[in-house]
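Analysis of the macromolecular model
Residues per chain are reported as follows:
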Amino acid sequence: MSPQARRDDLIRAALDLFGSRAPELVTVDDIVARAEVSRPLFYRYFSSLRDLQVEALRTVTDGLIDGLAGLEEGPPEARLRAAVRGLIDVADHYRAGYIALLRSGSVIATSDTDAAIDEVRNRAVALILGALGVEDPSPLLSLTLRCWTAVVEGALLSWLQERSVTRENLDTWLVDQLTAMLAATAGHEPAGAAEAPAGS
């Protein structure tokens, strides 16, 4: 196995374990047992457990960004719904890792993971602006979209922990939330700087 493949295998092992417990509860012994390698081999690729934790969590945000990046075709509402479903799927796949990324006070949070989360938020905002055909958003529209990304993150955190609604209801509700927020913003910008996605 090549060095990069071995490194990726250790990251996958960590992410598999994050599916059942929080990253801070996963030990080096847990990871090497899952990957079927030795502790010395682990430290050949990662300087510390925290180094691996951050790399693994970055994989989660890369998955979110990659999912958003592939949704460039189709009518605005369809693209938006597909984007929301993609976010839900990745967050659900990496449940514990996603919760650790966004949970206030997570011991895994670093400036690197904060920057990675910002990349996801920026990509989501760019996707919506592209769907709306807006190249130069007003301050109020930018604020609206940033607020909606916070709604998405908060809703996903609650849903991952409680499962109080179905996945289908969650993605429909999130898109409807954005439509309502854009409509409210448009009411304060008569020139139509903010418009709901076509087909909503």
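It should be noted that the structure appears before, not after, this text.
Just so it is clear, the structure is predicted and the values come from calculations on it, not from any experiment. (Residues numbered from 1 in each chain as written. Predicted model: local features only at pLDDT ≥ 70, side-chain atom pairs only at ≥ 80, totals over all residues. Heavy atoms only, no water.)

Re the overall build of the protein chain
- Check the secondary structure of the protein chain and you find 9 helices and 0 strands.
- Element order for the protein chain, N to C, with α for helix and β for strand: α-α-α-α-α-α-α-α-α.
- Out of the 200 residues belonging to the protein chain, those deemed buried represent 45%.
- Within the protein chain, residue pairs in contact and separated by at least 24 positions form 70% of the contacts whose partners lie at least 6 positions apart. (Helix = DSSP H or I, 4+ residues; strand = E, 2+ residues; numbered from the N terminus. Buried < 20%, exposed > 50% of the residue type's maximum accessible area, 1.4 Å probe, protein only. Contact = heavy atoms within 4.5 Å.)

Here's the deal with the packing of aromatic side chains
- This model, assessed by the stated rule, comprises 2 aromatic pairs.
- Aromatic pair Phe 42 and Tyr 43: ring centres 5.0 Å apart, planes at 85°, arrangement edge-to-face.
- Relative to Phe 46, the ring of Phe 42 has its centre 5.8 Å away and its plane inclined at 40°; by these criteria the two rings are tilted. Accessibility assignment for this pair places Phe 42 and Phe 46 in one class, buried.
- Through a chain of ring-to-ring contacts, three or more aromatic side chains come together here, namely Phe 42, Tyr 43 and Phe 46.
- Over the ring of Trp 159 we find Arg 163, and its NZ or CZ is 4.2 Å from the ring centre. (Phe/Tyr/Trp six-rings, centres within 6.5 Å; stacked < 30°, edge-to-face > 60°. Lys NZ or Arg CZ within 6 Å of the ring centre and 35° of its normal.)

Topic: the pattern of salt bridges
- In total, this model carries 14 salt bridges according to the counting rule given.
- Arg 163 is the salt-bridge partner of Asp 92, the closest N and O atoms lying 2.5 Å from each other. Within this pair, whereas Asp 92 is found in helix H5 (residues 76-93), its partner Arg 163 is found in the loop between helix H8 (139-162) and helix H9 (167-188), the two being separated by 71 residues in sequence.
- Salt bridges here are not isolated pairs; linked through shared partners, they connect Asp 89, Asp 92, Arg 163 and Arg 167. (Salt bridge = Lys/Arg side-chain N within 4 Å of Asp/Glu carboxyl O.)

Quick word on H8
- Taking 1.5 Å as the rise per residue, H8 with 24 residues should run 34 Å; its terminal C-alpha atoms sit 35 Å apart, in good agreement.
- All of the buried residues in H8 are Leu 141, Thr 144, Leu 145, Trp 148, Thr 149, Val 152, Glu 153, Ala 155, Leu 156, Leu 157, Trp 159 and Leu 160.
- Of the residues trailing H8, Arg 163 is marked for its positive phi of about 50°. (Expected span 1.5 Å × (residues − 1).)

Concerning the nonpolar core
- Judged by nonpolar contacts, the single largest core of 60 residues is most densely connected at Leu 10, Phe 18, Ile 31, Phe 42, Tyr 98, Leu 145 and Trp 148.
- Counting residues per element, this core draws most heavily on H8, at 9 residues. (Core = buried A, V, L, I, M, F, W, Y, C linked by side-chain atoms within 4.5 Å.)

As for the environment of Glu 36
- Along the polypeptide, Glu 36 turns up in the loop between helix H2 (28-35) and helix H3 (39-45).
- With 27 residues separating them along the chain, Glu 36 and Asp 9 place their C-alpha atoms 9.9 Å apart.

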